[in-house]
Each structure stands twice: as C-alpha cells, then as structure tokens.
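Descriptive structure summary
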Amino acid sequence: MDGNTKIEINFNSDGCEILVDGVTYIKKPEIRTEDNPSNLYVARRERRLKQGDVAKKIMVHSGSYGRKERGEQDFTLNEAFILSDYFNISIEDLFGYLRK
C-alpha cells in the first residue's frame, strides 16, 4: 500500500466492515475450531511453524496469538499487515474477509 491508501474500519454487533480505497470488506465474528480452521492457521501449519514462532513476528505472547488465531481476540491492523507480508498472502485471503 502506498501513502495515499484510504482505510476506514467500522465495528458493529454483526462484525466489522473495512473499506480500503472504496472497496468494502466484511468480517463476521466466528470462533475457529479444528473443524473450521482459519486460513491463517492453515498457512502457519503448512510452513510447519508453531504459534510461538508467529507470535514473535508480531511481538505478542504465544497465548495471545493463539486466542487471535482462533478468533477469540482481534488482530490489530498493524499485526494483520505484518502477517500478510510474512506469509505473502493478501489480508483478505489470510483473514477470510469477503468483498461486499
């Protein structure tokens, strides 16, 4: 993203909307389980990384990272960008955001 990218985040009881340069993405809150893994979980496992390995990249405790990966806590926008860069996967694909 260049310095002119406009990002707007709106939270409500249904989840959140993220607008990036006029394109809207929606995210509904959901808890991830082994039967419903996140793309982030899959990307981490494919690279044979532990939660602690990835937690170090975003400078959080491995327990906090685990809660974030399961969807119990939100990643910050900065953490999302770091992980997207680290895994070389778009934020939309990594976090399962859907275009509206």
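Anything mentioned here points back to the structure above.
About the cut-offs
- Residues numbered from 1 in each chain as written.
- Predicted model: local features only at pLDDT ≥ 70, side-chain atom pairs only at ≥ 80, totals over all residues.
- Heavy atoms only, no water.
- Buried < 20%, exposed > 50% of the residue type's maximum accessible area, 1.4 Å probe, protein only.
- Helix = DSSP H or I, 4+ residues; strand = E, 2+ residues; numbered from the N terminus.
- Arc of directions from axis to C-beta.
- Contact = heavy atoms within 4.5 Å.
- Patch = residues over 30% accessible without salt bridge, like charges linked within 9 Å, V, L, I, M, F, W, Y side chains within 5 Å.
- Areas by Shrake-Rupley, 256 points an atom, 1.4 Å probe, with all protein chains shown as cover.
- Salt bridge = Lys/Arg side-chain N within 4 Å of Asp/Glu carboxyl O.

A separate point is helix α3 (residues 62-69). Residues separated by three or four positions in an α-helix point in the same direction, a consequence of the helix having 3.6 residues per turn. Looking only at α3, the buried set comprises Tyr-65, Gly-66, Lys-68 and Glu-69. All buried residues of α3 project into a common sector of 165 degrees when viewed along the axis, lining one side. Residues of α3 that are buried in the fold lie against α1 (39-46), α2 (51-58) and α4 (77-87). Backbone geometry just after α3 places Gly-71 at a positive phi near 90 degrees.

Moving on to a nonpolar patch on the surface. Together, Ile-7, Ile-9 and Leu-77 give the surface a local cluster of nonpolar side chains, amounting to about 200 Å² of exposed area. Relative to the elements of secondary structure, Ile-9 occurs in strand β1 (residues 7-12).

What follows deals with unusual backbone geometry. Residues other than glycine seldom take positive phi values, yet Arg-48 does so here, at roughly 55 degrees. When its relative accessible area of 77% is taken as the criterion, Arg-48 is described as exposed. The phi torsion at Met-59 lies on the positive side, around 60 degrees, for a residue other than glycine. With respect to the helices, strands and loops of the structure, Met-59 is situated in the loop between α2 and α3.

Before going further, it helps to spend a moment on the side chain of Ser-84. Locating Ser-84 in the fold gives a position in helix α4. By relative accessible area, which is 13% here, Ser-84 ends up buried. Not counting the four nearest positions on each side in its chain, Ser-84 is found in contact with Ile-89, Ser-90, Ile-91 and Leu-94.

These results come straight from atomic positions and should not be treated as a statement about function.
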